[in-house]
Amino acid sequence: MWPYIIRFNIKALLLIIAIFVSVVVFWYYLLLATKDKLVSNSWLTSADIDLKRLLIAGIMAAVGGGQEVVRVFNTNTLHMKSKGKTREGVNDVLTQGDMASHRLMVHSLSAAFPGLRIISEEATSPEDRPIDIKPIYVSDELLYDERYTHLPFGIEVPLGELTVWVDPLDATKEYSEGLTQYVTTMVCVARNGEPIIGIIHKPFKGETYWSWKGIGVSTNIKSVLQNRHLNDISSETLRIIISRSHAGYINTTIHSLMDKEYKNVNVISAAGSGYKTIEVIEGRADAYIHNTLIKKWDICAPNAIIDSINNMKMSTINGNIIKYNFEEEVTNENGLIVTFKQYYDKLVRVFRNFKS
């Protein structure tokens with residue numbers, strides 16, 4: 001009789017193991033993915049994290065995600081599908097580039113900093129296979145790299161105060177159309193809702209812009225600021241950059257509102273919040289105006305960088321600051337103004353009552 005008993009016990013044991021594994025997997029993905037919010041080991045959020053290390057890791061994540069975006073594009077494996085329509089009726093496209101970048105950026109950061117709360121544009125799923133993603137490792141050599149030597153060590157904050165916002169591929173529609181100049185990958189670190197670290201990477205140009213509020217900015221931003229003069233600000237001409245997805249409508253509106261304020265009003269259409277913000281920083285536009293709903297992963301990194309530049313401001317069209325807490329809504333319904341302080345008050349006054 002005992003051989004049959006052994007067989008029965010083995011079957012029972014296998015059944016128990018299968019049930020146990022199923023429960024573990026269920027709870028893992030329940031904790032790992034809630035829509036587009038990823039919380040890794042949230043019970044560890046009382047630990048402290050070094051902000052210099054997190055900044056460098058964020059840069060590595062943005063660059064790594066950008067490499068995935070370029071790889072997918074170059075191998076012509078976009079596998080496009082629609083997420084639906086935006087309020088403006090534009091097709092909201094999802095590509096394999098978005099997902100490959102999302103997997104690398106989110107899971108590598110999460111593995112490197114257990115407990116870090118991350119919100120990404122794309123949703124995590126069981127198919128993401130985070131086990132295949134290596135954690136980001138910030139070596140001592142990187143910490144002392146000449147790009148970061150001026151940044152201080154030892155500024156640590158509790159993980160529970162931090163939220164990381166990730167946009168794995170900004171300007172997906174243009175990416176799918178081959179307009180790769182608009183494409184960026186972005187990482188933003190917010191502390192208690194305030195954006196303090198911003199990273200914008202242009203994967204097809206290999207350029208990375210970053211800032212750490214009150215501490216420092218990347219050399220390309222620093223170079224632009226050192227070469228800019230106040231007399232570059234014109235009192236007669238205003239160049240406004242807007243989204244190409246609804247350029248016709250807002251173009252007419254801007255001219256009707258601003259032609260009485262400036263002799264020449266030039267409206268530039270472009271794509272991607274990261275791209276448009278850099279255009280303003282580098283002086284190819286005087287203001288970036290967005291008058292419709294926009295997601296916070298699109299604007300957190302730009303907000304952090306703008307907040308690190310003394311003579312620039314970013315807010316809603318109504319002049320209100322934007323908060324990036326983990327518990328906040330992921331949408332900003334109140335438009336966007338990014339500009340120099342010399343233009344800011346006038347633009348807020350003109351657009352404050354503007355209804356999209």
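The paragraphs below set out a description of the structure included in this document. (Residues numbered from 1 in each chain as written. Predicted model: local features only at pLDDT ≥ 70, side-chain atom pairs only at ≥ 80, totals over all residues. Heavy atoms only, no water.)

### Re the packing of aromatic side chains
Going through the model one piece at a time under the given rule, you end up with 8 aromatic pairs. When the centroid spacing of 5.4 Å and the interplanar angle of 80 degrees are considered together, the rings of Phe73 and Phe204 count as edge-to-face. With a gap of 131 residues between them, Phe73 in helix H2 (residues 51–74) and Phe204 in the loop between strand S9 (194–202) and strand S10 (207–212) connect regions that are remote in the sequence. Within the aromatic cluster, the residues linked to one another by ring pairs are Phe73, Tyr175 and Phe204. A cation sits over an aromatic face here: Lys52 above Phe153, 3.8 Å from the ring centre. Above the plane of the ring of Tyr262 lies Lys346, whose end atom (NZ or CZ) is 4.7 Å from the centre. (Phe/Tyr/Trp six-rings, centres within 6.5 Å; stacked < 30°, edge-to-face > 60°. Helix = DSSP H or I, 4+ residues; strand = E, 2+ residues; numbered from the N terminus. Lys NZ or Arg CZ within 6 Å of the ring centre and 35° of its normal.)

### Points about the nonpolar core
By size, the foremost hydrophobic cluster in this structure holds 56 residues, and its most contacted members are Trp165 and Met258. When residues of this core are assigned to their parent elements, the largest contribution, 7 residues, is made by helix H9 (residues 296–307). When near neighbours in sequence (up to four residues on either side) are disregarded, Trp165 contacts Ile119, Met186, Val187, Cys188, Ala190, Lys296, Trp297, Cys300, Tyr324, Asn325, Glu329 and Val330. With 33 residues, the next largest nonpolar core counts Ile56, Ala57, Met105 and Leu116 among its residues. (Core = buried A, V, L, I, M, F, W, Y, C linked by side-chain atoms within 4.5 Å. Buried < 20%, exposed > 50% of the residue type's maximum accessible area, 1.4 Å probe, protein only. Contact = heavy atoms within 4.5 Å.)

### Let's talk about the packing of helix H8 (residues 273–281) against H9
Contact geometry of H8 with H9 gives a least axis separation of 9 Å together with a crossing angle of 20 degrees. Between H8 and H9, the interaxial angle falls into the category roughly parallel. Note on packing geometry: the crossing formed by H8 with H9 is right-handed. Side by side, H8 and H9 meet where Ser273, Gly274, Thr277 and Ile281 of the first sit next to Asp298, Ile299, Pro302, Ile305 and Ile306 of the second. (Axes fitted to C-alpha atoms, helices over the stretch in contact; angles between N-to-C directions. Parallel < 35°, antiparallel > 145°, perpendicular 65-115°, else oblique. Left-handed = near helix turned anticlockwise from the far one by under 90°.)

### Brief notes about H8
For H8, the buried fraction is high: 9 of the 9 residues fall into the buried class. When H8 is considered as a whole, its buried residues turn out to be Ser273, Gly274, Tyr275, Lys276, Thr277, Ile278, Glu279, Val280 and Ile281. Looking one or two residues beyond H8, the residue adopting positive phi is Gly283, at roughly 85 degrees.

### Looking at the sheet that holds strand S12 (residues 237–243)
Ordered by their spatial adjacency, 5 strands build an open sheet running S13-S12-S14-S18-S16, and the pairing between neighbours is mixed. With partners counted over all chains shown, the strands left at the sheet margins are strand S13 (264–270) and strand S16 (312–315), one partner each. Adjacent strand axes in the sheet meet at a mean angle of 20 degrees, parallel and antiparallel pairs treated alike. Across 2 bridges, the pairing between S12 and strand S14 (residues 287–290) is parallel. Opposite Ile241, over in S14, you have Tyr288 as the bridge partner. Helix-sheet contacts for helix H10 (residues 341–351) involve S12, S14, S16 and strand S18 (336–340), and the interaxial angle to S18 is about 150 degrees. (Pairing = 2+ DSSP bridges.)

### As for the pairing of strand S5 (residues 117–120)
Successive residues of a regular strand alternate their side chains across the two faces of the sheet. Along S5, one buried face is formed by Arg117 and Ile119 and the opposite face, lined by Ile118 and Ser120, is buried too. Bridge analysis of S5 against strand S7 (residues 162–170) gives 4 bridges, and the strand direction is parallel. Across the sheet, the residue bridging to Ser120 is Val166, located in S7.

### Here's the deal with unusual backbone geometry
Phi at Asn76 takes a positive value of approximately 55 degrees, unusual for a residue other than glycine. A relative accessible area of 68% places Asn76 in the exposed class.

### Side note on H2
An ideal rise of 1.5 Å per residue puts 34 Å on 24 residues; H2 measures up with 34 Å between its terminal C-alpha atoms. Counting buried positions along H2 gives 17 out of 24 residues, so the element sits mostly inside the fold. The backbone nitrogen of Lys52 has a side-chain oxygen 3.1 Å away, supplied by the residue at the start of H2, namely Asp50. (Expected span 1.5 Å × (residues − 1). Polar contact = N/O pair within 3.5 Å; in protein donor to acceptor, adjacent residues only side chain to side chain.)

### Focus on the side chain of Lys52
Mapping Lys52 onto the fold places it in helix H2. Buried and unpaired, Lys52 has no salt bridge, with Asp50 as the nearest side chain of opposite charge at 7.3 Å. In this structure the side chain of Lys52 is engaged in a polar contact, spanning 3.1 Å, whose partner is the backbone oxygen of Leu151. Apart from the residues lying within four places of it in its own chain, the contact partners of Lys52 are Leu143, Tyr148, Leu151, Pro152, Phe153 and Trp212. (Lys, Arg positive; Asp, Glu negative; His and termini not counted. Salt bridge = Lys/Arg side-chain N within 4 Å of Asp/Glu carboxyl O.)

### Examining the state of the cysteines
As enumerated under the stated definition, the model contains 1 disulfide in all. Between Cys188 and Cys300 runs a disulfide, and the two sulfur atoms are separated by 2.1 Å. The S-S bond linking Cys188 to Cys300 shows a torsion near -50 degrees; that makes this disulfide left-handed. One end of the pair, Cys188, is in strand S8 (residues 184–191); the other, Cys300, is in helix H9, with 112 residues separating them in the sequence. Judged by relative accessible area, which is 0%, Cys300 ranks as buried. (Disulfide = S-S within 2.5 Å.)

### What to know about the environment of Asp298
Of note, Asp298 is situated in helix H9. Each C-alpha atom of the pair Asp298 and Val187 lies 9.6 Å from the other, and the pair is 111 residues apart in sequence. Residues contacting Asp298, with those up to four places away along its chain left out, are Asp167, Asp170, Met186 and Ser273.

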